[in-house]
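Structural overview
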Amino acid sequence: MFRIVFHFCSQKKAQCLKTNVLDLKDLYNNTFDYTGHGPILIEETEVSYDLLNRDQLINWLVYSIQNCKSAQSFVIGLEGPWGSGKTTIINNVKRILSSDSQSFYIINDFDPWAFGTQEALLWGMYDAIFKSSGTKFSILRSHRMMEQLSSAVVDNYTAGRLIKPIAFDSKNGVESLSEIKEKISAYLQTKNQTIVFFIDNIDRAEAKNVIFLFKLIGTVFSLPKVIYVLSYDRTRVNNIFDETNDVDTHYVDKIIQQEIKVPVITSEQAKALYSVCIENLLLAYGVKKENISSFIPLANYIYSVIPDLRQFKRLINSTFSIAFCQETTLYKPDLLALETIHFVDPTLYSQIYQNRQYFISHDILHDAEIWHWSFDEKEFNEQSKAFFDSLFLDNAIVKDLLAAVFPYVERYKSRQELKSKCYSGSGEEYSSISNNMRICSAKYFDLYFNHSSNNYLKISKSIDDFLNTISKLEDYNSTESLLKSVLEQFSSDNQKEWFEQLQSRIKLCKSNCYYLSKSLFGLIHAIDDSQYFMALSAKQRCEVIIAQILCSCTDLDFSDFLSAASNEYGKIEIIRELAYWVEHQKDANEEIIASRKEQLEQLHKSLCKTVFDNNINLYSDDYYHPRNIRGLYSYCKEVCPEAFKPYIASIISEQNIYRIIWDITTRSIGSEYSYSISKESLDIFFDDTTIIENIFSSTQPKTESEKFVKEIYMSFKDGKADFFGDKAVKSTEEIKPTL
């Protein structure tokens, strides 16, 4: 279980690093001062501390060196895979030995990577042992000795043989190799110190130099009072020897007299170190303490798949910077999880993207291909189970992380069908997914992979800006002016999305939202009312938001709303629908819902009664809005069914005939937009069509909108029905007449 560890300093930090390139220890101890600009990066440098509590291993290596009394050189091998911490262990050993400078002389800067040729490597070892240790030779003699060594050993050996088998003429000043070694040994015997020769990462040198280096240590430089400490990856060394026919792999075993293996990092060690570092990193990037728990599944995954500190550093540099340094409002736990998967397992990353249908569980109407594909619920569930069975056969370790990111994976993990009548992906879960712009939504899925933006993300930012601004406004006029400017910025499709996001995030508004509801009501007819398949229009969504706010506002504010709406004859149908949406609010107090629904219904009835009492023409320019007449008709059905047709007959004229016909028209959407009139709808308004015929005979449509409405009527009257008996006028685009 991931434990969140918070470190509090008893005193103010005296020295905090003001840089974004840190040592891992600084991150662990939280001794850095992040400015908030740029990525936090971990440097890859040699260090002399150990964060993995491997003191026992370090002390054992020190003990082995201190108690080595060999007549010839002694070779200790520190073996471990890349990134296992060999360099850190060596640096700690050097630090301990350096405190006893009278007994040990440390050679710690010999880098086999730096030597491109065997001759250079030989000269380098010679120089390290003698010049660096203070052994004095004349320049001439030193140079002559090196030339002789070089002549004897470099590039002159055959399989299994290193030393050139020749004798040298001492009369000409040339010594045999054995004589050279004897002289070198004699000089070293005069030294009071034991030379500890550290050679780190031998296996990183060129393959031929690796073999040559082992041979040098086993022959030419097998000298008294010299202890070699070699670090390497045994698998890599064995591969090098296997690839050549010069020397058998077992030759290494003859050279290495004591081999100490670096243990792999245990899960407990990884948790202890990684958890503190991850927590400090998240806090530095601005994640609130109470939200750290959202990253628990990711942290658990990192513990399991990151084997060493070097990989952990690369992970921090490669993934956290992408997740936190981009200007994006995508959900950080999802984004960081995906980037971590990309770092650890690029194949799995591609599988997720290429099989999006199994990971996108919400807003699938925004991806037509997925929506059509998943329409067959039974087939979808069967294919999804087969896909996840196969996926987790080789990736079981990532199942918990993916379950935290993708609801479909969570349902698979808990052995539930991905799609069912009991699971619609709506409610609180959907609200959270929508507000956080999570990857499982079709609106945002691609953005997590291509790191771009789209209208949904832009609208989200607009909502944030809008809610932040209205929280500072203190009057109705300013709120209405702000809302009006926002509506002008978005097209019809974007208005729908804007109000959907506003509804799901209205609870996040930190101020009294009553002025917002009043502004929405005031501008309701300016909001787009385009039709959508199985979805509310922007205008309908706006009504839901108004109802939501009206159920949470004060009694005083609600009374003000009723007063402001008391003469809104052009919004009779809107008020009736508000009563409906108030009744269906789920989060409000039941008594408040019942009371406010009743008051809205009374307001609706009062407006309708006034229309009849004063013969107010709802089709006049002052009050006309499409479908507003439905509010009056619903009142008549309940109170005075016989009054509706006489009312229509009393107001119908050449000026409003097209508006009335448009209100009778049924609009539907499928593969096309369909506009039709049914006899049942017509009978609600008229006993017969004589009055319509008379008006049409004396007037002609003047605009394209009027022509379209008349076409709908004439199709009903004279048009030929299709195979399904439909006489509708159809269009590939929605038509919204201006009447």
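Everything quoted here is computed from the prediction, not taken from an experiment. (Residues numbered from 1 in each chain as written. Predicted model: local features only at pLDDT ≥ 70, side-chain atom pairs only at ≥ 80, totals over all residues. Heavy atoms only, no water.)

**Describing the sheet that holds strand 8 (residues 666–669)**
Strand order in the open sheet made by the three strands is 8-9-10, with antiparallel pairing throughout. Strand pairing shows two members of the sheet lacking a second neighbour, strand 8 and strand 10 (729–731), which therefore form its edges. Averaged over all pairs of adjacent strands, the angle between their axes in this sheet comes to 20°, without regard to strand direction. Bridge analysis of strand 8 against strand 9 (residues 673–676) gives four bridges, and the strand direction is antiparallel. Bridge pairing in strand 9 places Thr666 opposite Ser676. The strands touched by helix 34 (residues 704–718) are strand 9 and strand 10; relative to strand 10, the strand with the most contacts, the crossing angle is about 130°. (Pairing = 2+ DSSP bridges. Helix = DSSP H or I, 4+ residues; strand = E, 2+ residues; numbered from the N terminus. Axes fitted to C-alpha atoms, helices over the stretch in contact; angles between N-to-C directions. Contact = heavy atoms within 4.5 Å.)

**Structural notes on the packing of helix 10 (residues 267–284) against helix 11 (residues 296–305)**
A pair of packed helices can be characterised by two numbers: the angle between their axes and the separation between those axes. Packing of helix 10 against helix 11 brings their axes to within 10 Å, and their N-to-C directions diverge by 135°. Between helix 10 and helix 11, the angle falls in the class oblique. Where helix 10 crosses over helix 11, the handedness of that crossing is right-handed. For the pair formed by helix 10 and helix 11, the contact residues are Ala270, Lys271, Tyr274, Ser275 and Ile278 on the first element and Ala299, Ile302 and Tyr303 on the second. (Parallel < 35°, antiparallel > 145°, perpendicular 65-115°, else oblique. Left-handed = near helix turned anticlockwise from the far one by under 90°.)

**So, the pairing of strand 9**
Connecting strand 8 to the next strand, strand 9, in antiparallel fashion are three residues. The sheet contact formed by strand 9 and strand 10 spans three bridges and is antiparallel. Residue pairing across strands places Ser674 opposite Lys730, the latter belonging to strand 10.

**So, the side chain of Lys571**
Note that Lys571 resides in the loop between helix 26 (555–564) and helix 27 (572–583). Residue contacts for Lys571: discarding those within four places in its chain leaves Phe521, Gly522, Ile524, His525 and Asn628.

**Structural notes on helix 11**
Every buried residue of helix 11 is listed here: Ile296, Leu298, Ala299, Tyr301, Ile302 and Tyr303. Buried positions along helix 11 lie against helix 10, helix 12 (309–325), helix 13 (332–344) and helix 17 (399–405). (Buried < 20%, exposed > 50% of the residue type's maximum accessible area, 1.4 Å probe, protein only.)

**Observations regarding the packing of helix 2 (residues 55–66) against helix 3 (residues 86–97)**
At a minimum axis separation of 9 Å, helix 2 and helix 3 run at an interaxial angle of 50°. It follows that helix 2 is oblique to helix 3 by the angle criterion. Our pair here, helix 2 against helix 3, has a crossing hand that is right-handed. Note on element contacts: helix 3 touches helix 2 through Ile89, Asn92, Val93, Ile96 and Leu97, opposite Leu57, Ile58, Asn59, Leu61, Val62, Ile65 and Gln66.

**Some details on the packing of aromatic side chains**
Counting across every chain of the model gives 43 aromatic pairs. With centroids separated by 5.3 Å and ring planes inclined at 65°, the aromatic side chains of Phe387 and Phe388 adopt a geometry described as edge-to-face. Like Phe387, the residue Phe388 is buried in the burial classification. Members of the aromatic cluster, connected to one another through ring pairs, are Tyr358, Phe359, Phe387, Phe388, Phe392, Phe406 and Tyr412. Geometry around Trp662 places Arg667 over its ring, the cationic atom sitting 4.2 Å from the centre. Its guanidinium or amino end placed over the ring of Phe696, Lys710 lies 5.0 Å from that ring's centre, counting from NZ or CZ. (Phe/Tyr/Trp six-rings, centres within 6.5 Å; stacked < 30°, edge-to-face > 60°. Lys NZ or Arg CZ within 6 Å of the ring centre and 35° of its normal.)

**Let's talk about the pattern of salt bridges**
Using the criterion set out here, one finds 31 salt bridges in the structure. Among the ionic pairs, Asp529 bridges to Arg627, the shortest N-O distance being 2.5 Å. On the criterion of sequence distance, the pair formed by Asp529 in the loop between helix 24 (514–522) and helix 25 (538–550) and Arg627 in the loop between helix 28 (590–614) and helix 29 (629–639) is long-range, its members being 98 residues apart. Asp529 gets classed as partly exposed once you look at its relative accessible area, which sits at 25%. Between Lys717 and Glu693 there is a salt bridge whose closest N-O contact spans 2.9 Å. One end of the pair, Lys717, is in helix 34; the other, Glu693, is in helix 33 (residues 690–698), and 24 residues separate them in sequence. According to the relative accessible area criterion, Glu693 is partly exposed, its value standing at 23%. Shared partners join several salt bridges into a network, and the residues in it are Glu79, Arg234, Asp253, Glu259 and Lys261. (Salt bridge = Lys/Arg side-chain N within 4 Å of Asp/Glu carboxyl O.)

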